[in-house]
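Tertiary structure, described
Letter by letter, the chains look like this.
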Amino acid sequence: MSCVRSAVEDDIAELVRLRALLFETLGGDFFNPSSADDDWRHTLAAVLKEQLAADAVRILVVDGNNGLAACGIGTIEQRLPGPHLRNGRIGHVIGVVTDPAERRRGHSRTIMQSLLDWFREREVARVDLYASPDGEPLYRTLGFVDHPDPSLCWRP
């Protein structure tokens, strides 16, 4: 059984490493653009440091033998309530990633269950995430289904 804990400031370098690993795994020019430099890593570290104390953010980690084995981030956004979103609170799961040497040990499942408990405690009406092909089976076993809304994005 994985032991999940909240991330602390000393974990930031490892969180950046795992997030970079996620982008490398996803590949393609959208996630790992050829023109990218490492400036985003410094910005990520600064944002993570701010977010560690935020009420609407939960950063969870599992310790490994050589640094962090896995991490996952949950955020809560307040939107306008409606018939399909009774209180307007939407949860987002961001960047659940496990170091390749630590995979197949239940770390991501344990992190996800902890995040889902956190969302329930905060009465989140819906939780959204983007699933990689490797992660999709886990999310489906936890009750995630295809999103009914079409999704588009714009990059200025």
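One structure accompanies this document, and this report is about it. (Residues numbered from 1 in each chain as written. Predicted model: local features only at pLDDT ≥ 70, side-chain atom pairs only at ≥ 80, totals over all residues. Heavy atoms only, no water.)

With that settled, the discussion passes to the packing of aromatic side chains. Tallied over the entire structure, the rule returns 2 aromatic pairs. Relative to Phe119, the ring of Trp118 has its centre 5.2 Å away and its plane inclined at 55°; by these criteria the two rings are tilted. This pair shows no difference in class: Trp118 is buried, exactly as Phe119 is. On the basis of an interplanar angle of 70° and a centroid distance of 6.1 Å, the ring pair of Tyr139 and Phe144 is categorised as edge-to-face. Residue Tyr139 shares its accessibility class with Phe144, and that shared class is buried. (Phe/Tyr/Trp six-rings, centres within 6.5 Å; stacked < 30°, edge-to-face > 60°. Buried < 20%, exposed > 50% of the residue type's maximum accessible area, 1.4 Å probe, protein only.)

Turning our eyes to something else, we now look at the sheet that holds strand 1 (residues 4-6). The 5 strands lie next to each other as 1-2-3-4-5, forming an open sheet whose pairing is mixed. Edge strands, defined here as strands with exactly one partner in the open sheet, are strand 1 and strand 5 (126-129). Sheet twist, expressed as the mean angle between neighbouring strand axes with direction ignored, is 25°. Here strand 4 (residues 89-98) runs beside strand 5; their pairing, made up of 4 bridges, is parallel. Within strand 5, the position partnered with Ile90 by the bridge is Arg126. The sheet contacts of helix 4 (residues 107-121) involve strand 1, strand 2 (57-64), strand 3 (67-78), strand 4 and strand 5, and relative to strand 3 the element is tilted by about 25°. (Pairing = 2+ DSSP bridges. Helix = DSSP H or I, 4+ residues; strand = E, 2+ residues; numbered from the N terminus. Axes fitted to C-alpha atoms, helices over the stretch in contact; angles between N-to-C directions. Contact = heavy atoms within 4.5 Å.)

What follows covers helix 4. Side chains three or four residues apart in an α-helix point the same way, a direct result of the helix having 3.6 residues per turn. Between its first and last C-alpha atoms helix 4 spans 21 Å; for 15 residues at 1.5 Å apiece the expected length is 21 Å, and the two agree. The set of residues buried in helix 4 consists of His107, Ser108, Thr110, Ile111, Met112, Leu115, Leu116, Trp118 and Phe119. Residues of helix 4 that are buried make contact with strand 1, strand 2, strand 3, strand 4, strand 5 and helix 5 (136-141). One or two residues past the end of helix 4 sits Glu123, with phi positive at roughly 55°. (Expected span 1.5 Å × (residues − 1).)

What follows concerns the pairing of strand 3. Buried residues dominate strand 3, accounting for 9 of its 12 residues. Bridge count for strand 2 against strand 3 is 8 bridges, and the pairing is antiparallel. Counterpart to Ile59 in the pairing with strand 3 is Ile73. Connecting strand 2 to the next strand, strand 3, in antiparallel fashion are 2 residues. Relative to strand 4, strand 3 runs antiparallel, the two being bridged by 8 bridges. Its bridge partner being in strand 4, Cys71 is matched across the sheet by Val97.

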